[in-house]
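Survey of secondary and tertiary structure
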Amino acid sequence: MRTRVLAGLLMLSASWANGQEYLPYPGASDIAPPMVHNDHYDAVLEAGKGADIDPAKGYRIQDLGAGAFMVTEGTYQMMIVKTDEGLIVVDAPPPIGDKILKAAEEIAPGARITHLVYRHAHVDHIGFAARIVATNPGMEIVAHQETADILARANDPNRPMPTMTFGGIDQPFTLTAGGQSLDLTYSGPNHEPGNIEIWHADSQTLMLIDVVFPGWMMWRRMAIAHDIPGVFDLVGQVNAKYDFKTLVSGHVGRTGTKADVEEQWAFMTDLHGAALKALGSTAIAEGMRAEDTTNPWAVFDNFIDRVTVECVADLAPKWRHKLSGFDVFIYDQCMAMEQSIRVDGPSL
Ligand SMILES: [Zn+2]
């Protein structure tokens, strides 16, 4: 619906068939909106960068302590826990793929992978699972029942069904193996139904995927959140719920801390406030041609665009130079937020 908008400050222009130019809305930020060619994104900030990755290996292992390790190729993250019986692997993102097996061999040469834990059902975090199962026959796959239900419907050979499931909300399931234990807790729908928190108490590591993005703007549409109020509940409560030193968040090149969660929570509350304010101050059908005002889809397109534009302009001065990728996804966040407020309700 924003394909008709071009940012005037990009020094671009285009025309309708009748020769009239596309114009940005009054008060629009100079951040390029979606669906225009942007050849000058803001630079990644230092706070968004992880440690260097050896290009010859293509991955980095971070020792989290007490037998837990984070593995990243710079964009995705997964975790490996060394036990007296072998290895517990948490998540299997295809972009890391074979590097997971190499990292496992580096962490514990010759060790068998005894367990694979699914954080949630999305392909981009567990789509390499079948390859791990193939080389570790008899391995247990652990997931919440909600994830098992989604995988049963998906019927995807790359994401084999769990062999151990647990159910319920806020009823931790403790996975123990070879002297190690992981507490798996489902707090209710958030990023995806079945998306669990994984707590390794011995290293004070919390693994929570696709919800917090240390140093970065969240992925688009609040990380394609299935349940935006659920994401707000989780981010708002997670620092009080776990006494963690390290957050493995599933994305970006570095691990996070409680300060990163606080920063994202501050951004999310500002986002909510800006969208709520714009919804209250934006008039319906303002500046539209009279003949278009009989088209309800067009009226809402115009309204949502102007709410989004105001929300972006409101947030940019404070947040543009605090979060890497702010300029990339801020329009998506404002649009997702205003929509959630309209359908889920205005309270946080
Ligand atoms: Zn996901």
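Residues numbered from 1 in each chain as written. Predicted model: local features only at pLDDT ≥ 70, side-chain atom pairs only at ≥ 80, totals over all residues. Heavy atoms only, no water.

1. Some remarks on the pairing of strand β10 (residues 196-200)
In terms of burial, β10 is largely enclosed, as five of its five residues are buried. Alternating positions in β10 separate into two faces, Ile 196, Ile 198 and His 200 on one and Glu 197 and Trp 199 on the other, with burial throughout. Judged from the four bridges that link them, strand β9 (residues 180-186) and β10 form a sheet pairing that is antiparallel. Bridge pairing links Leu 184 to Ile 198 in β10. Sheet topology note: the β10/strand β11 (residues 205-207) ladder contains three bridges and is antiparallel. Following the sheet pairing, Trp 199 is matched in β11 by Leu 206. Where β10 hands over to β11, the hairpin turn is made up of four residues, of which Gln 204 adopts a positive phi near 50°. (Buried < 20%, exposed > 50% of the residue type's maximum accessible area, 1.4 Å probe, protein only. Helix = DSSP H or I, 4+ residues; strand = E, 2+ residues; numbered from the N terminus. Pairing = 2+ DSSP bridges.)

2. Here we look at the sheet that holds strand β5 (residues 113-117)
On the basis of which strands lie adjacent, the open sheet formed by seven strands has the order β1-β2-β3-β4-β5-β6-β7 and mixed pairing. Each edge of the open sheet carries a strand with a single partner, namely β1 (60-65) and β7 (164-166). Strand-to-strand twist across the sheet, computed as the mean angle between neighbouring axes with direction ignored, equals 20°. The pairing of β5 with strand β6 (residues 140-144) spans three bridges and is parallel. Counted as the bridge partner of Leu 116 is Ile 141 from β6. Against the sheet, helix α4 (residues 145-154) makes contact with β6 and β7, and its axis sits at roughly 105° relative to β6, the strand it touches most. (Axes fitted to C-alpha atoms, helices over the stretch in contact; angles between N-to-C directions. Contact = heavy atoms within 4.5 Å.)

3. Regarding the confidence of the model for the protein
When pLDDT is averaged along the protein, the result is 94, and 96% of the positions lie at 70 or above. Overall, residues 1-12 carries pLDDT values under 50, and its contacts beyond four positions in sequence, including any with other chains, amount to 34 contacts. (pLDDT = per-residue confidence, 0-100.)

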